[in-house]
Amino acid sequence: MQINKINNKNRYYYEIINIYYNWWGKDIKKKTLNEIDDSYKDTLSQDFLPNIYALIINDTLIGTYEINKNDDIEKEKYTPYLANIYIKERYRGYGYSKILVSDAIEKIKKMGYDRLYLHSHHQNYYEKFGFKFKKEVETKYGLKRIYELKIK
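Residues numbered from 1 in each chain as written. Predicted model: local features only at pLDDT ≥ 70, side-chain atom pairs only at ≥ 80, totals over all residues. Heavy atoms only, no water.

Undergrad: How would you summarise the pattern of salt bridges if you had to cite specific residues and measurements?
TA: Between side chains of opposite charge, a pair can form as their charged atoms come close. As enumerated under the stated definition, the model contains nine salt bridges in all. In this structure, Lys88 and Glu15 form a salt bridge, with 2.4 Å as the shortest nitrogen-oxygen distance. With Lys88 in the loop between strand E4 (81-87) and helix H3 (96-111) and Glu15 in helix H1 (residues 13-25), this residue pair connects regions lying 73 residues apart in the sequence. The buried category is assigned to Lys88, whose relative accessible area is 11%. For Glu15, a relative accessible area of 30% translates into the label partly exposed. Between Asp114 and Arg115 there is a salt bridge, and its shortest N-O distance comes to 4.0 Å. When its relative accessible area of 48% is taken as the criterion, Asp114 is described as partly exposed. Overall, Arg115 belongs to the partly exposed group, its relative accessible area being 28%. (Salt bridge = Lys/Arg side-chain N within 4 Å of Asp/Glu carboxyl O. Helix = DSSP H or I, 4+ residues; strand = E, 2+ residues; numbered from the N terminus. Buried < 20%, exposed > 50% of the residue type's maximum accessible area, 1.4 Å probe, protein only.)

This is the structure we're talking about:
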């Protein structure tokens, strides 16, 4: 098992972009696959956030997550953001999301941050990882709950 940083030259890149397209791109954000691809190609080639990470087991992509500077909600207040935590359906229920969240927390610590944020419509899920509910905000994609984790 390994968690790798992904860029647009990585063999798992297009698989992740297709996941994003099918998950939130075409229906929620109304973006084409090419638009999602283009938006990530440029930013992932830089040495700053956002970063995509992939959980790989036996050369198989199991899941992915991102660390972003912000996630389009009150950008000036909440940074960095944990986003797009995704486990392929057939691998859910085995604790892989905990592995991804724990890895993100370690990376955030190494980057020198003392807090990590995320937003979700889920309730009673991220709390089990130590996140605390901060507030609800209305977005163009619906109501989202902002969560904060104070990193020790």
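Undergrad: Tell me about unusual backbone geometry, and name the residues and values.
TA: For the bond from Thr79 to Pro80, the omega torsion is -5°, close enough to zero to count as cis. By the secondary structure assignment, Pro80 is in the loop between strand E3 (60-68) and E4. The backbone of Asp59 shows a phi angle near 65°, a positive value even though the residue is not glycine. The class for Asp59 is exposed, based on a relative accessible area of 52%. In this structure, Asn124 is a non-glycine residue whose phi angle is positive, near 65°. Looking at where Asn124 falls in the secondary structure, it is placed in the loop between strand E5 (115-120) and strand E6 (132-139).

Undergrad: I'd like to hear about the nonpolar core, residue by residue, with values.
TA: Core analysis: the biggest nonpolar cluster contains 25 residues, and Tyr65, Leu82, Leu116 and Phe131 have the highest contact counts within it. Secondary structure elements with two or more residues in this core: strand E2 (51-57), E3, E4, H3, E5 and strand E7 (142-150). Considering each element in turn, this core owes the most residues, six residues, to H3. In this structure, Phe131 is in contact with Leu82, Val101, Leu116, Tyr117, Leu118, Tyr126, Tyr147, Glu148 and Leu149, ignoring residues within four places of it in sequence. Counting 16 residues, the second-largest nonpolar core is a separate cluster that includes Tyr20, Ile36, Leu44 and Ala54. (Core = buried A, V, L, I, M, F, W, Y, C linked by side-chain atoms within 4.5 Å. Contact = heavy atoms within 4.5 Å.)

Undergrad: Explain H3 to me, using residue names and the numbers behind them.
TA: Compared with an ideal rise of 1.5 Å per residue, which puts 16 residues at 22 Å, H3 spans 23 Å between its outermost C-alpha atoms and is within 8% of the ideal. Positive phi appears at Gly112, one or two residues downstream of H3, with a value of about 95°. (Expected span 1.5 Å × (residues − 1).)

Undergrad: Residue-level account of the packing of aromatic side chains, with values.
TA: Inspection of every chain in the model, using the stated rule, returns 13 aromatic pairs. When the centroid spacing of 5.4 Å and the interplanar angle of 45° are considered together, the rings of Tyr20 and Tyr40 count as tilted. Of this pair, Tyr20 sits in helix H1 while Tyr40 sits in helix H2 (residues 33-44), and the two are 20 residues apart along the sequence. Ring centres of Tyr125 and Phe129 lie 5.6 Å apart, and the angle between their planes is 75°; on these two criteria the pair is classed as edge-to-face. By relative accessible area, which is 26% here, Tyr125 ends up partly exposed. Each residue in the set Tyr125, Tyr126, Phe129, Phe131, Phe133 and Tyr147 is aromatic and connected to the rest through ring pairs, giving one cluster. The cationic tip of Arg92 hangs over the ring face of Tyr86; the distance from NZ or CZ to the ring centre is 5.3 Å. The residue whose ring lies beneath Lys107 is Tyr53, and the NZ or CZ to ring-centre distance is 4.8 Å. (Phe/Tyr/Trp six-rings, centres within 6.5 Å; stacked < 30°, edge-to-face > 60°. Lys NZ or Arg CZ within 6 Å of the ring centre and 35° of its normal.)

All we've got here are geometric facts, nothing functional implied.
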